[in-house]
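Chain by chain, the residues:
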Amino acid sequence: MSKSMRGLWIWTSLFFSLFASWPKLMEYGLSPFFKSYVLWLLFYSLLFLAIAFLFTVLNRKFNLRSRRSLLVHSSTTKKQERFLFWSVLLLMIVTWMPAFLAFFPGTFGADAPIQLAMYNGDLPFTTHHPWLHTLLLGSLLRLGNILFHNPNAGTGIYIFFFQIVFCAYAIAKAMLYLYRKGLNAWILITTSFFMAVSPFSQMLVCYTTKDIMFAPALLLFIVSICSLLFPPKPSESARADLSSPAENPKAVREKDRSAASSSLLKKTAEIIGWGVLMCLLRNQGLYLAILGLILLFFVYLKDRKKRIVQLFMISQVSILVLGWLLTSLVPSIAGIKINNPREMLALPIHQLAFELNRNDQIEEKFISKEDEALAYSYFDGFTPDQLDPFSADSSKDLFYNEKFSENPGQFISLYLRVLTTDWRGAIQAAAYLTAPYFDMRYGEYNALSVMTSYEDYADKQHIASYSLLPGYRDKLRGIAMQSATFDNCPLWLRFFDPGITLYLVIFLLGYAIFFRSKFAATACLYTVLYILTMLLGPVSLLRYSFIYTYQWPFLLGVLLLSALSRKPKKKTARIKRTVRKSAADPAAAASKAAI
């Protein structure tokens, strides 16, 4: 086993065991977690070794590298590329149509009623929800009222074109990029179909929330970056169009140079466009862009003089400037109230409320009376029995932002004192919020994906559902409820657990690190950053998981391409090392020669 493979083996075993044992942190104390971790570590270590051994045996017997043509190809034509793009696009739409008809015109849930109230002026317009999405949703419902005298027509237009078609388009573009990079069409079509046929994908593409639009915007942003930094080879017909035998060589070179320059500028513009849209559709989009720029700057530091790297850096700076202007300056000028810092403090607020609840339930108090009084002063009427261990929303909504803003240091000092006094409880509080991401059966709120919200306001606005396939709707609702149970969750549904994608992401990141694959690192970086920020959020929801689960066909394709493009080590390298070793030790060489 090579050094890189050993590193990946250790990395995979450690992180896979961590993910599998994570829900055990919901129990007070670390003993149950460590017991589970050791058992899973043993299991994954042996499993990885068994897979590596089996691959080695099969490779020696069947020479698997000679069968690469089953997975990759060397060239494409424009006709083949168009066929793949439209095949994936239509396959996704057709697969999601039964769910669209079942929930027709869509599940008006999550924050959609609140956003509609903001649009109608019934609530103050703030950036708590992205203003672009609020305007889009409200405008389409108004359009439905104008054209069809029914706002539900606007809901149907939004769901079909801005969620179903947009999600299908992004996957089709991602698969087209992988196809141009060399991956065979049957892999791309098969993985796309399995992602689309997932019951959770079917539910969520019909769910009116900004997260569903954010997912394709993020994927297109990542794909456009990869397309610039790791461009695929042009198709045979494209190469034929660029040059003709009748033209003189100088004219051909000028034409090729002009086409290449135009292509680079177009790709840079695409990165900026999708990056800005990403920032506008979710508040954390700007944070992803900032962190991604910093990390990728160091990744490509040695290549900073290359034009494509310079264009990439220019695109990222442009996204930061435009993103800040459109998410902060423009709303301020338009009179939209800027969001308060509660969302970023969701985890500390929940941990503080969790500890107040625990301190109230035990006889031996671990929080001093002074700190307890100070902690309660940050909440508007919070009582320990109001705590929801699986969600920070109940405590977060009662949090005094003004008091925090007046003296942030006082809150941070209080938080650290409580955290160090009972660190086991703080870990337990965080585990309750995040465990469903690793095992959906802990998800207390999985059923929200098929439920409407704020029905009183929605009814006043004449928002309703007209299911055209009520039997299928009930089936999907039943699946959503079963997914949150240990007794009734069927085995087949476990294969669609969003947590499985986390294993793929961490494996791809490990491959990028130990095999030094910039392609793999670039492809998974923003997904990793999103997951890290998601784990700091107020609650585990399937719509948050959809953002990275939706990307798994692309991430798997990147992993396959990275592994298949890696050149095997030649035996000559081993011979050279032996020669150098012999030269360094002439006595040993003479002894071997005598023998």
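In what follows, the structure referred to is the one given above.
Residues numbered from 1 in each chain as written. Predicted model: local features only at pLDDT ≥ 70, side-chain atom pairs only at ≥ 80, totals over all residues. Heavy atoms only, no water.

Our next topic: the side chain of Glu355. Tracing the chain through its elements places Glu355 in helix α14 (residues 346-361). Of the side chains bearing the opposite charge, Arg358 lies closest to the buried Glu355, which forms no salt bridge; the N-O distance is 5.0 Å. For Glu355, the residues in contact, after removing those within four places along its chain, are Phe366, Ile367, Val418, Asp422, Gly425 and Ala426. (Helix = DSSP H or I, 4+ residues; strand = E, 2+ residues; numbered from the N terminus. Buried < 20%, exposed > 50% of the residue type's maximum accessible area, 1.4 Å probe, protein only. Lys, Arg positive; Asp, Glu negative; His and termini not counted. Salt bridge = Lys/Arg side-chain N within 4 Å of Asp/Glu carboxyl O. Contact = heavy atoms within 4.5 Å.)

A word on the packing of helix α9 (residues 210-229) against helix α13 (residues 307-334). One way to put it is that α9 packs onto α13 with a least axis distance of 9 Å and a crossing angle of 155°. One finds that α9 runs roughly antiparallel with respect to α13. Contact residues: Phe221, Ile225, Leu228 and Leu229 in α9; Ile308, Val309, Leu311, Phe312, Gln316 and Ile319 in α13. Residues of the contact of α9 with α13, tallied by class, amount to nine nonpolar, one polar and no charged. (Axes fitted to C-alpha atoms, helices over the stretch in contact; angles between N-to-C directions. Parallel < 35°, antiparallel > 145°, perpendicular 65-115°, else oblique. Nonpolar A, V, L, I, M, F, W, Y, C, P; charged D, E, K, R; others polar.)

Here we come to the nonpolar core. Grouped together as the largest cluster of nonpolar side chains are 134 residues, with contacts concentrated most on Trp96, Met175, Leu218, Tyr530, Tyr550 and Phe554. The next biggest cluster of nonpolar side chains, apart from the first, holds 28 residues, and it includes Ile367, Phe382, Phe411 and Tyr432. (Core = buried A, V, L, I, M, F, W, Y, C linked by side-chain atoms within 4.5 Å.)

Together, Tyr287, Ile290, Ile294, Phe297, Phe298, Leu301 and Met344 make up a nonpolar patch on the protein surface, roughly 670 Å² of accessible area in all. Position of Phe297 among the secondary structure elements: in helix α12 (residues 285-299). A relative accessible area of 37% means that Phe297 is categorised as partly exposed. (Patch = residues over 30% accessible without salt bridge, like charges linked within 9 Å, V, L, I, M, F, W, Y side chains within 5 Å. Areas by Shrake-Rupley, 256 points an atom, 1.4 Å probe, with all protein chains shown as cover.)

How two aromatic rings sit relative to each other is set out by the distance from centre to centre and by the angle between their planes. In the structure shown here, the tally under the stated rule is 41 aromatic pairs. With centroids separated by 6.2 Å and ring planes inclined at 15°, the aromatic side chains of Tyr158 and Phe162 adopt a geometry described as stacked. In this pair, Tyr158 and Phe162 both sit in helix α6 (residues 151-181), four residues apart, roughly one turn of the helix. Since its relative accessible area comes to 0%, Tyr158 is described here as buried. (Phe/Tyr/Trp six-rings, centres within 6.5 Å; stacked < 30°, edge-to-face > 60°.)

Our next topic: unusual backbone geometry. The peptide bond linking Phe104 to Pro105 adopts the cis configuration, its omega dihedral lying at 0°. Phi angles above zero are rare outside glycine, and His149 is one such case at about 55°. The residue His149 is located in the loop between α5 (131-148) and α6 in this model. Positive phi, close to 50°, is recorded for Arg516, a residue that is not glycine. Within the element layout of this structure, Arg516 appears in the loop between α23 (499-514) and α24 (518-534).

A word on the packing of α12 against α24. Where α12 meets α24, the axes come as close as 10 Å, and the angle between the chain directions of the two elements is 150°. Considering how the two elements wind past one another, α12 and α24 form a crossing that is right-handed. Every residue of α24 that contacts α12 at Leu288, Ala289, Leu291, Gly292, Leu293, Leu295, Leu296 and Val299 is listed here: Lys518, Thr522, Leu525, Tyr526, Leu529, Tyr530 and Thr533. Grouping the constituent residues of the contact of α12 with α24 by class yields eleven nonpolar, three polar and one charged. (Left-handed = near helix turned anticlockwise from the far one by under 90°.)

These values are about where atoms sit, not about what they do.
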